[in-house]
Amino acid sequence: MVAHVREFAKIMDQLDGVRRLPGWIDRAENAELPMIRAFARNLRNDLDAVIQGLTSPFNSGIVEGRVTELKSIKRQMAGRAGFSLL
């Protein structure tokens, strides 16, 4: 499992989805690890979007962090923030 995860991390880190992802998916689908096989199968279901996400240097990470912060403030103002919500 470690080898599969490390290889996928390299693909993500190097933004090399076009060249290396299809081969990784093939190897992962043939692995004896049900969780890795399921992950690879789900990647294949939306392969074009996954490859775009793994090759583009642009992402929405900063925006998502800001949205989470705004939702937290909104919940506090509405009185819904607390352990009961968890």
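Only a predicted model underlies this, so the values are computations on that prediction, with no experimental measurement involved.

**Brief notes about the environment of D48**
Within the fold, D48 resides in helix α4 (residues 47-53). What makes D48 exposed here is its relative accessible area of 66%. Along the chain, D48 and V18 lie 30 residues apart, while their C-alpha atoms are 9.4 Å from each other.

**Topic: the packing of helix α2 (residues 17-29) against helix α3 (residues 34-45)**
Their axes nearest at 8 Å, the elements α2 and α3 cross at an angle of 140°. With respect to each other, α2 and α3 are oriented oblique. Like other packed secondary-structure pairs, α2 and α3 cross with a definite hand, here left-handed. For the pair α2 and α3, the contacting residues are L21, W24, I25, D26, A28 and E29 in the first and I36, R37, F39, A40, R41, L43 and R44 in the second. Grouping the constituent residues of the contact of α2 with α3 by class yields eight nonpolar, no polar and five charged.

**Quick look at the pattern of salt bridges**
Per the stated rule, a full pass over the model turns up six salt bridges. Between D26 and R44 there is a salt bridge; the shortest N-O distance is 2.7 Å. One end of the pair, D26, is in helix α2; the other, R44, is in helix α3, and 18 residues separate them in sequence. Residue R44 is classed as partly exposed on the basis of its relative accessible area, which comes to 35%. Here E29 makes a salt bridge to R44, at a shortest N to O gap of 3.0 Å. Separated by 15 residues along the polypeptide, E29 in helix α2 and R44 in helix α3 bring together distant segments of the chain. For E29, a relative accessible area of 27% puts it in the partly exposed group. Through salt bridges that share partners, D16, R19 and R20 make up one connected network.

Conventions used here
Residues numbered from 1 in each chain as written. Predicted model: local features only at pLDDT ≥ 70, side-chain atom pairs only at ≥ 80, totals over all residues. Heavy atoms only, no water. Helix = DSSP H or I, 4+ residues; strand = E, 2+ residues; numbered from the N terminus. Buried < 20%, exposed > 50% of the residue type's maximum accessible area, 1.4 Å probe, protein only. Axes fitted to C-alpha atoms, helices over the stretch in contact; angles between N-to-C directions. Parallel < 35°, antiparallel > 145°, perpendicular 65-115°, else oblique. Left-handed = near helix turned anticlockwise from the far one by under 90°. Contact = heavy atoms within 4.5 Å. Nonpolar A, V, L, I, M, F, W, Y, C, P; charged D, E, K, R; others polar. Salt bridge = Lys/Arg side-chain N within 4 Å of Asp/Glu carboxyl O.

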